[in-house]
Amino acid sequence: MADKIKYLKDSELTQILADGFAELYHNKPQFPVTFLANYLKNYNRTKGAEADLVQKLDKNQTIIGSIKAKEQ
């Protein structure tokens, strides 16, 4: 049992759910389960978009670095 609790405590899931429940508390929607489900779906989309942006930024920085190297 302790291993399971440690896994949940150390995982990103705990923070995501805590943030979702905080949003749930602040918004007090009529349909809380649907609200939380939508929060989790939107979180996943946002996280995927964020990862794509980071990848593009890294690629752009690599290109800029190679251009600057050629200029010198």
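Since this is a predicted model, take the numbers as computed values, not measurements.

1. A few points about the overall build of the protein chain
Phase 1: From N to C terminus, the protein chain includes three helices and zero strands.
Phase 2: Shown N-terminal to C-terminal, the secondary structure of the protein chain runs as helices and strands in the order α-α-α.
Phase 3: Here the protein chain has a C-alpha radius of gyration of 20 Å; the compact-globule value for 72 residues is 11 Å, and the former is much larger.
Phase 4: Taken along its principal axes, the extent of the C-alpha atoms in the protein chain is 60 × 35 × 15 Å.
Phase 5: Taking all 72 residues of the protein chain together, 7% fall into the buried category.

2. So, a nonpolar patch on the surface
Phase 1: Where nonpolar side chains cluster on the molecular surface, the patch consists of Tyr7, Leu8 and Leu13 and spans about 330 Å² of accessible area.
Phase 2: Note that leucine 13 resides in helix α2 (residues 12–27).
Phase 3: When its relative accessible area of 44% is taken as the criterion, leucine 13 is described as partly exposed.

3. Focus on the environment of asparagine 38
Phase 1: Secondary-structure assignment places asparagine 38 in helix α3 (residues 32–71).
Phase 2: Counting along the chain gives 18 residues from asparagine 38 to glycine 20, while the straight-line C-alpha distance between them is 9.7 Å.

4. Observations concerning the packing of aromatic side chains
Phase 1: Applying the stated criterion across every chain yields a total of zero aromatic pairs.
Phase 2: Sitting above the plane of the tyrosine 25 ring, lysine 28 keeps its charged end 3.7 Å from the centroid.

What counts, and at which threshold
- Residues numbered from 1 in each chain as written.
- Predicted model: local features only at pLDDT ≥ 70, side-chain atom pairs only at ≥ 80, totals over all residues.
- Heavy atoms only, no water.
- Helix = DSSP H or I, 4+ residues; strand = E, 2+ residues; numbered from the N terminus.
- Rg over C-alpha atoms; globule rule 2.2 N^0.38 Å.
- Buried < 20%, exposed > 50% of the residue type's maximum accessible area, 1.4 Å probe, protein only.
- Patch = residues over 30% accessible without salt bridge, like charges linked within 9 Å, V, L, I, M, F, W, Y side chains within 5 Å.
- Areas by Shrake-Rupley, 256 points an atom, 1.4 Å probe, with all protein chains shown as cover.
- Salt bridge = Lys/Arg side-chain N within 4 Å of Asp/Glu carboxyl O.
- Phe/Tyr/Trp six-rings, centres within 6.5 Å; stacked < 30°, edge-to-face > 60°.
- Lys NZ or Arg CZ within 6 Å of the ring centre and 35° of its normal.

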